[in-house]
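# Chains, contacts and geometry: an overview
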Amino acid sequence: MTVDAPTITGAPLWRRATAEFLGTGLLVTIVVGSGIAAQNLSTDTGLQLLENSLTTALGLGVLILLLAPISEAHFNPVVSLVDFTLGRRGRTGLTGGALAAYLAAQISGAIAGAVLATAMFATPTTLSTTDRATPATVLGEVVATAGLVLLIVGLTRTGRNITVIAAAVGSYIGAAYWFTSSTSFANPAVTIGRVFTDTFAGINPTSALPFIAAQLLGGGVGTALAIALFPNTSQVPD
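Remember, predicted model here, so these are calculated numbers, not experimental data.

### Some remarks on the overall build of the protein chain
Across its full length, the protein chain holds 8 helices and 0 strands. The globule rule puts the C-alpha radius of gyration for 238 residues at 18 Å, and the 17 Å found for the protein chain is close to it. Seen through its C-alpha atoms, the protein chain measures out along the principal axes to roughly 50 × 35 × 30 Å. Here the protein chain holds 238 residues, and the buried ones make up 53% of them. Taking contacts inside the protein chain between residues at least 6 apart in sequence as the whole, the part at least 24 apart equals 82%.

In structure tokens:
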């Protein structure tokens, strides 16, 4: 999950795109599947969110550990856009062609992940009817995504290893489920994937659009903060 730091993988693009498809798809499978399981296990909304957030935090950390050596484990169009933007000067980030491949893999993987999760629980794959977009939740998405980008750029620019990044990113997302009003989607691909399930984790298409806009804005805010706080790539002990 490196951003504006020396690349950690020399894998060919097809393999990196496959890893992004698989990682994003499994992330959405984890989010949607654990949401359905939580609904089946409890009628308490708070307990359902706890089960969903813990599963997502743990699963995301595992996916980063597994796939970062191949694709750097972006699983998120905002992270890929930041990598492309910050890495252009030093030619360490994604190229334009790689960016396009990553975005296509992430979005298609997210949709496939939602379909897989609903199939495993014998739940129809239908568009969500859950309206989530309000001024408060849109602000929550700006905050959630800005914090995620700041965390990733800060950790990579200070030379943290994959294990540290996986634990930190998983922990942040798990916490952001609770401290943001939107429950921290913080990912346009995941947002699109969650449109295709009318379950606990779903979001309807009309809410998805302002969420994605907020995530892109949050990515810009997080990038600006990261540049101000971590202007240069430097190595520090873990």
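### Side note on a nonpolar patch on the surface
A contiguous nonpolar patch, built from Phe21, Leu22, Leu26, Leu116, Met120 and Phe121 and spanning about 510 Å² of accessible area, is present on the exposed surface. Of all the elements, helix α1 (residues 13-41) adds the most residues to the nonpolar patch, at 3 residues. Mapped onto the secondary structure, Leu26 falls in helix α1.

### Thoughts on the packing of α1 against helix α4 (residues 96-120)
At a minimum axis distance of 6 Å, the contact between α1 and α4 shows a crossing angle of 35°. The handedness of the crossing between α1 and α4 is right-handed.

### Focus: the side chain of Gln48
Mapping Gln48 onto the fold places it in helix α2 (residues 45-71). Residue classification places Gln48 among the buried residues on the basis of a relative accessible area of 8%. Contacts of Gln48, omitting those with residues within four sequence positions, involve Ala38, Gln39, Ser42, Thr43 and Phe200.

### A closer look at the packing of aromatic side chains
This structure, assessed with the given rule, holds 2 aromatic pairs. Between Tyr172 and Phe179, the ring centres sit 6.0 Å apart and the planes meet at 70°, which makes this aromatic pair edge-to-face. The exposure class assigned to Phe179 is partly exposed, which follows from its relative accessible area of 48%. On the numbers, 5.1 Å between centres and 80° between planes, the contact of Phe185 with Phe211 is edge-to-face. With Phe185 in the loop between α6 (162-179) and α7 (188-194) and Phe211 in helix α8 (residues 205-229), this residue pair connects regions lying 26 residues apart in the sequence. We note that Phe185, like Phe211, is buried.

### Digging into the nonpolar core
If you look at the biggest cluster of nonpolar residues, it comprises 35 residues, and the most contacted ones within it are Leu27, Leu60, Ile64, Phe75, Leu148 and Val169. When contributions to this core are tallied by element, the ones reaching two or more residues are α1, α2, α4, α5 (135-157), α6 and α7. When neighbours within four sequence positions are excluded, Phe75 is seen to be in contact with Ala19, Glu20, Gly23, Thr24, Leu27, Leu60, Leu63, Ile64, Leu67, Gln106 and Asn187. Membership of the second largest hydrophobic core comes to 6 residues, among which are Val78, Val82, Leu86 and Ala226.

Rules used in this analysis
Residues numbered from 1 in each chain as written. Predicted model: local features only at pLDDT ≥ 70, side-chain atom pairs only at ≥ 80, totals over all residues. Heavy atoms only, no water. Helix = DSSP H or I, 4+ residues; strand = E, 2+ residues; numbered from the N terminus. Rg over C-alpha atoms; globule rule 2.2 N^0.38 Å. Buried < 20%, exposed > 50% of the residue type's maximum accessible area, 1.4 Å probe, protein only. Contact = heavy atoms within 4.5 Å. Patch = residues over 30% accessible without salt bridge, like charges linked within 9 Å, V, L, I, M, F, W, Y side chains within 5 Å. Areas by Shrake-Rupley, 256 points an atom, 1.4 Å probe, with all protein chains shown as cover. Salt bridge = Lys/Arg side-chain N within 4 Å of Asp/Glu carboxyl O. Axes fitted to C-alpha atoms, helices over the stretch in contact; angles between N-to-C directions. Left-handed = near helix turned anticlockwise from the far one by under 90°. Phe/Tyr/Trp six-rings, centres within 6.5 Å; stacked < 30°, edge-to-face > 60°. Core = buried A, V, L, I, M, F, W, Y, C linked by side-chain atoms within 4.5 Å.

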